[in-house]
Amino acid sequence: MSQPPQTPPFLAEHTMLGTVGAASGQLADVTLVRLPVSLATELGNAFAAIDPWASYPYPAASLASYFAQGDHSSPRLTVQVDEQTVGVIGLRLNWLRGPYLQFLGFLPLYQNMGLGSMALSWIDAQTRACGQHNVFVAASDFNASALRFYERHGFERIGILKGLVREDRDEVLLHKKL
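Residues numbered from 1 in each chain as written. Predicted model: local features only at pLDDT ≥ 70, side-chain atom pairs only at ≥ 80, totals over all residues. Heavy atoms only, no water.

Enquirer: Can you tell me about the overall build of the protein chain, naming the residues and giving the values?
Expert: When helices and strands are tallied, the protein chain shows 4 helices and 8 strands. Overall, the protein chain shows an N-to-C arrangement of helices and strands of β-β-α-α-β-β-β-α-β-α-β-β. Whereas a compact globule of 178 residues would reach a radius of gyration of roughly 16 Å, the protein chain reaches 16 Å, a difference of no more than 12%. Overall, the protein chain is about 60 × 40 × 30 Å in size when its C-alpha atoms are taken along their principal axes. Taken across its 178 residues, the protein chain has 48% of its residues classed as buried. A separation of at least 24 residues holds for 54% of the contacts in the protein chain among residues at least 6 apart in sequence. As presented, the protein chain carries roughly 9,600 Å² of accessible surface, and 52% of it is formed by carbon and sulfur atoms. Placing the 13 positive and 15 negative side-chain charges of the protein chain at their respective mean positions leaves the two points 8 Å apart. (Helix = DSSP H or I, 4+ residues; strand = E, 2+ residues; numbered from the N terminus. Rg over C-alpha atoms; globule rule 2.2 N^0.38 Å. Buried < 20%, exposed > 50% of the residue type's maximum accessible area, 1.4 Å probe, protein only. Contact = heavy atoms within 4.5 Å. Areas by Shrake-Rupley, 256 points an atom, 1.4 Å probe, with all protein chains shown as cover. Lys, Arg positive; Asp, Glu negative; His and termini not counted. Charge placed at Lys NZ, Arg CZ, Asp CG, Glu CD.)

Enquirer: Tell me about the environment of L96, and name the residues and values.
Expert: Mapping L96 onto the fold places it in the loop between β4 (84–92) and β5 (100–106). What makes L96 exposed here is its relative accessible area of 54%. Sequence separation between L96 and G131 is 35 residues; the distance between their C-alpha atoms is 13 Å. Those residues in contact with L96 that sit more than four places away from it in its chain are N134 and F136.

Enquirer: Give me the lowdown on the layout of surface pockets, citing residues and values where you can.
Expert: Empty space within the largest pocket amounts to approximately 1,200 Å³. The class makeup of the residues in the lining of the largest pocket is 26 nonpolar, 11 polar and 4 charged. (1 Å grid on protein atoms, 1.4 Å probe; cavity = no way out; pocket = protein on both sides within 12 Å on 5 of 7 lines; lining within 4 Å. Points joined across faces, edges and corners; volume = space filled by probe spheres on them. Nonpolar A, V, L, I, M, F, W, Y, C, P; charged D, E, K, R; others polar.)

Enquirer: I'd like to hear about helix α1 (residues 40–48), residue by residue, with values.
Expert: Taken together, the buried positions of α1 are A40, L43, G44, F47 and A48. Buried residues of α1, viewed axially, fall in a sector of 130°; they line one side. Along α1, exposed side chains directed more than 90 degrees from the buried face belong to T41 and E42. Where α1 is buried, its residues touch α2 (60–68), β3 (76–81), β4 and β5. (Arc of directions from axis to C-beta.)

Enquirer: Lay out the sheet that holds strand β1 (residues 14–21) with the relevant residues and their values.
Expert: The sheet built from 8 strands is open, its strands ordered β1-β2-β3-β4-β5-β6-β8-β7 with mixed pairing. Here the strands that pair on one side only, and so sit at the sheet edges, are β1 and β7 (156–162). Sheet twist, expressed as the mean angle between neighbouring strand axes with direction ignored, is 25°. Strand direction decides the pairing type here: strand β6 (residues 134–140) and strand β8 (residues 170–177), joined by 7 bridges, are antiparallel. Counted as the bridge partner of A138 is L173 from β8. (Pairing = 2+ DSSP bridges. Axes fitted to C-alpha atoms, helices over the stretch in contact; angles between N-to-C directions.)

Enquirer: Kindly report on the pattern of salt bridges, identifying the contributing residues and their values.
Expert: The full count for this structure, using the stated rule, is 4 salt bridges. Note that E151 is salt-bridged to R157, the shortest N-O span being 2.5 Å. You can call E151 partly exposed: its relative accessible area is 32%. Judged by its relative accessible area of 48%, R157 is partly exposed. Put simply, R166 and D168 hold a salt bridge, and the shortest N to O gap is 2.7 Å. (Salt bridge = Lys/Arg side-chain N within 4 Å of Asp/Glu carboxyl O.)

Pasting the structure below:
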């Protein structure tokens, strides 16, 4: 009997990541789901109000447009806790022999719960499944918590992108070799 065709890495419509402790004290399922275009505006508004996007300021409409434009080479995924959307992952696949993590954000009530670590572990596993060994991300130079987070997860600073988003701010390019 033949096996059903496997979904290529990064492109599953629905992926179980694990569980986290919920406010109720119970365990909550954490899943990744392809970002439905119908959520793009709501998520754009939410993330435009959160740093680092708020401090640029990054317009909600621009974020919504970015969220709505996912495709096979640049998937956009929602992170869900018990089927409630709490975060977004945006990737650019096959960027310098591995994916570039363009966007990783969580709504404030869901930060510091381990969801970002789960997301990075999933990205690492998917990258390996593609036969690739590099993951890249950029973080704003003023976003010390994001830089610490990525460095704790094995990323190293490899360059400064001066004035990439705004003339008076720099982005730090980080790389992780798997």
